[in-house]
Amino acid sequence: MRELRALEPDFWRAPSAHNTQPWTLTYAGDEAAVGWDPARALPISDPTGRDLRLSLGAFVECCLIVCADAGLGVAFRPDPGPQRVGFLYAAGRPYETPFTTADVRARGVNRGEYHAGRLPEELAATLEGTRRLPCRDLADLLHAADLHQFGDREVTRELRDWLRLTRRHRRYLLDGLSDRALALTRAQTLGLRASLALYPALRRLGLPRALAGASRGLLDYDGDVLVLVGPADGEVETGRLLMRHWLRLSALGYTTHPLSQIIDCAPTRRELAARLGVADPRTLLHVARVGRPKTAAAPSARLRT
Ligand SMILES: Cc1cc2nc3c(=O)[nH]c(=O)nc-3n(C[C@H](O)[C@H](O)[C@H](O)COP(=O)(O)O)c2cc1C
């Protein structure tokens, strides 16, 4: 477990919604409980804890990969409890995985422009649990979801708490979403800062429409959106699967850009389920566009480095 602690900076490269890094590791004997810090959950925008549990699953997968690469025999035992999803424990041999610590370090979300082109069919077919749609087919749902998101005062306030739009922010290098990670130009950053500062006053005057309009053309190209479908009560395991998909794609030069707002908003979630022919909209667990990015993304901040 002492050796495990030394690897924490690489565990922390796991992805999490709003980059809250909600996970905690509590060491006791030859086990470490994987839990979360409620102050790093998103009670307004993630009221069911879906993204929290997906992020914790991604964290578990990162821990196992990084330990395996270091030659440590570590396994995970799910054991949900109060603010806990399970335990990492000393096992006879390392976790079997094709991925390495270098893969974990190299992965990152990319919110910039993507080259036109769909995923090869053979690759898409191996991404277990995913369904694929052309980007343009979801442009209307993304716009409706953005309007919904920015029209909600509390959701916008919670997002704002995790934005780091100036290097002078005291947590710029620690957590949250920076201007660089969001791929914003200087003018866009200033515009967003001003808009959010004036949000209470401008909400009724069409500001949500202006904010939602900013992502209008995001899906207007020949690309793919992946939707991850899985059991609504198995989000930690699905988070582990999501992490493996992202690492697989990343190793092949693809990146992803999650668009969770489409499934955060009940009407767009229902509509997406209907378009996919999925009976239960609650089983839509993650949505992201995927492709070859035109430029590399800035690495996101972490609490442990
Ligand atoms: C479950 C989950 C949901 C996410 N939803 C969104 C999203 O809706 N929009 C977005 O831009 N990024 C989303 N992200 C990406 C995170 O913001 C990103 O992983 C985090 O900022 C860390 O950056 P990195 O992945 O580049 O290391 C999501 C990530 C996870 C794990």
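What counts as what
Note on numbering: residues in each chain are counted from 1, in written sequence order. Local features are withheld for residues below a pLDDT of 70 in this predicted model, meaning they are given only at 70 or higher, and side-chain atom pairs are given and counted only at 80 or more; totals for whole chains, interfaces and linings count all residues. The basis for every side-chain value is the complete set of non-hydrogen atoms in the structure, without hydrogens or water. Nearness is judged by heavy atoms alone; a residue qualifies as near a molecule or strand once a single heavy atom is within 4 Å of it. Any N or O atom pair separated by 3.5 Å or less is treated as a polar contact, with the protein-specific requirement of one donor-capable and one acceptor-capable atom, and with residues adjacent in sequence counted only for side-chain atom pairs. Per-residue and other accessible areas follow the Shrake-Rupley method at a 1.4 Å probe size, with only the shown protein chains counted as cover for residues. By convention, a stacked pair of Phe, Tyr or Trp rings (six-membered ring in the case of Trp) has centres within 6.5 Å and planes under 30 degrees apart, an edge-to-face pair has planes over 60 apart, and any other such pair is tilted. Numbering goes from the N terminus for both helices and strands, where a helix is a DSSP run of H or I of at least four residues and a strand is a run of E of at least two. Only protein chains enter the accessibility calculation, which uses a 1.4 Å probe; a residue whose area is less than 20% of its type maximum is buried, one above 50% is exposed, and one in between is partly exposed. Only Lys NZ and Arg CZ are tested; either one counts as a charge over a ring when it is within 6 Å of the ring centre and within 35 degrees of the ring normal. Expected span, for any helix, means 1.5 Å times one less than how many residues it has.

The name given to the protein in an unreviewed UniProt entry is Nitroreductase family protein, with Nonomuraea antimicrobica as the source organism.

What follows is about the site of the ligand. By nearness alone, 21 residues border the ligand, and Val109, Arg111, Ser260, Ser300 and Arg302 come closest of all. Taking Arg107, its side chain carries an N or O atom lying 2.9 Å from an oxygen atom of the ligand. For the ligand, an oxygen atom lies 2.8 Å from a polar atom in the side chain of Arg302. Contact with the protein chains hides 91% of the accessible area of the ligand, taken as 610 Å² for the molecule alone.

For the rest of this paragraph, the subject is the packing of aromatic side chains. Taken as a whole and assessed by the stated rule, the structure comprises four aromatic pairs. Seen from their ring centres, Phe11 and Phe59 are 6.4 Å apart, and the 85° between their planes marks the pair as edge-to-face. In this pair, Phe11 sits in helix H2 (residues 8-11) while Phe59 sits in helix H3 (residues 50-69), placing the two residues 48 residues apart along the sequence. In terms of burial, Phe11 and Phe59 fall into one category: buried. In this structure an aromatic cluster arises from ring pairing among Phe11, Trp12, Trp23 and Phe59. Its guanidinium or amino end placed over the ring of Tyr114, Arg289 lies 4.2 Å from that ring's centre, counting from NZ or CZ.

Let's shift gears to helix H11 (residues 235-251). With 17 residues, H11 extends 24 Å from end C-alpha to end C-alpha; this agrees with the ideal 24 Å at 1.5 Å per step. With 12 of its 17 residues buried, H11 lies for the most part within the structure. Within H11, burial applies to Glu235, Val236, Thr238, Gly239, Arg240, Leu241, Leu242, Met243, His245, Trp246, Leu247 and Leu249.

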